[in-house]
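The residues making up each chain are set out below.
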Amino acid sequence: MAAKTDHSRIMRAVRQLRRTRAFYATGVALWLTAAIWTGWMSPGSRQMWVSVLLLTLFAGLLATATLWLQRLRARSTDAPAHHAAPGRKIAARHA
């Protein structure tokens, strides 16, 4: 049984990973655009290879953040979020 602080810590990590994943996705889009642009203007140049290197770096970080987020979601759905009283059927008692 997970403590209440563990659940809030997991939810905080999920929120942070979502923001980080959005940042990495923006980086992938930016460096993809830069790599295409520099590859079009001056193919094989140093700027193009730096853009491709940064594109692969951000793509790897995006993949890692997505994988961690999926693992955290799977872990948080395994355990129930609330621990309610056990469900007992209430029988009607006749006097």
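Computed from a predicted model, the values in this text were never measured in an experiment.

Draft legend 1. Layout of the overall build of the protein. A tally of regular secondary structure across the protein gives 2 helices and 0 strands. Buried positions account for 17% of the 95 residues belonging to the protein.

Draft legend 2. Geometry of the packing of aromatic side chains. Under the definition given, this model contains 3 aromatic pairs. Between the aromatic rings of phenylalanine 23 and phenylalanine 58, the centroid separation amounts to 6.2 Å while the plane-to-plane angle is 55°, which identifies the pairing as tilted. Placement of the pair is phenylalanine 23 in helix α1 (residues 4-41) and phenylalanine 58 in helix α2 (residues 46-78), with a sequence separation of 35 residues. Judged by its relative accessible area of 53%, phenylalanine 23 is exposed. Through a chain of ring-to-ring contacts, the aromatic side chains of Phe23, Tyr24 and Phe58 assemble into a single cluster.

Draft legend 3. Focus on a nonpolar patch on the surface. A cluster of nonpolar side chains, contributed by Trp37, Trp40 and Met41, occupies part of the molecular surface with about 470 Å² of accessible area. Looking at the element boundaries, tryptophan 40 is found in helix α1. Owing to a relative accessible area of 70%, tryptophan 40 belongs among the exposed residues under this scheme.

Draft legend 4. Fine view of the environment of tryptophan 37. Counting through the fold element by element, tryptophan 37 comes out in helix α1. A residue is classified by how much of its surface remains accessible, and tryptophan 37, at 55% relative accessible area, is exposed. Between the C-alpha atoms of tryptophan 37 and methionine 48, which are 11 residues apart in sequence, the distance is 8.3 Å.

Draft legend 5. Structural context of the side chain of serine 51. You can see serine 51 is positioned in helix α2. Not counting the four nearest positions on each side in its chain, serine 51 is found in contact with Trp31, Ala34, Ala35 and Thr38.

Draft legend 6. Summary view of a positive patch on the surface. Taken together, the side chains of Arg12, Arg15, Arg18, Arg19 and Arg73 make up a positively charged region of the molecular surface. With 4 residues, α1 is the single largest residue contributor to the positive patch. Mapped onto the fold, arginine 19 is located in helix α1.

About the cut-offs
- Residues numbered from 1 in each chain as written.
- Predicted model: local features only at pLDDT ≥ 70, side-chain atom pairs only at ≥ 80, totals over all residues.
- Heavy atoms only, no water.
- Helix = DSSP H or I, 4+ residues; strand = E, 2+ residues; numbered from the N terminus.
- Buried < 20%, exposed > 50% of the residue type's maximum accessible area, 1.4 Å probe, protein only.
- Phe/Tyr/Trp six-rings, centres within 6.5 Å; stacked < 30°, edge-to-face > 60°.
- Patch = residues over 30% accessible without salt bridge, like charges linked within 9 Å, V, L, I, M, F, W, Y side chains within 5 Å.
- Areas by Shrake-Rupley, 256 points an atom, 1.4 Å probe, with all protein chains shown as cover.
- Salt bridge = Lys/Arg side-chain N within 4 Å of Asp/Glu carboxyl O.
- Contact = heavy atoms within 4.5 Å.
- Lys, Arg positive; Asp, Glu negative; His and termini not counted.
- Charge placed at Lys NZ, Arg CZ, Asp CG, Glu CD.

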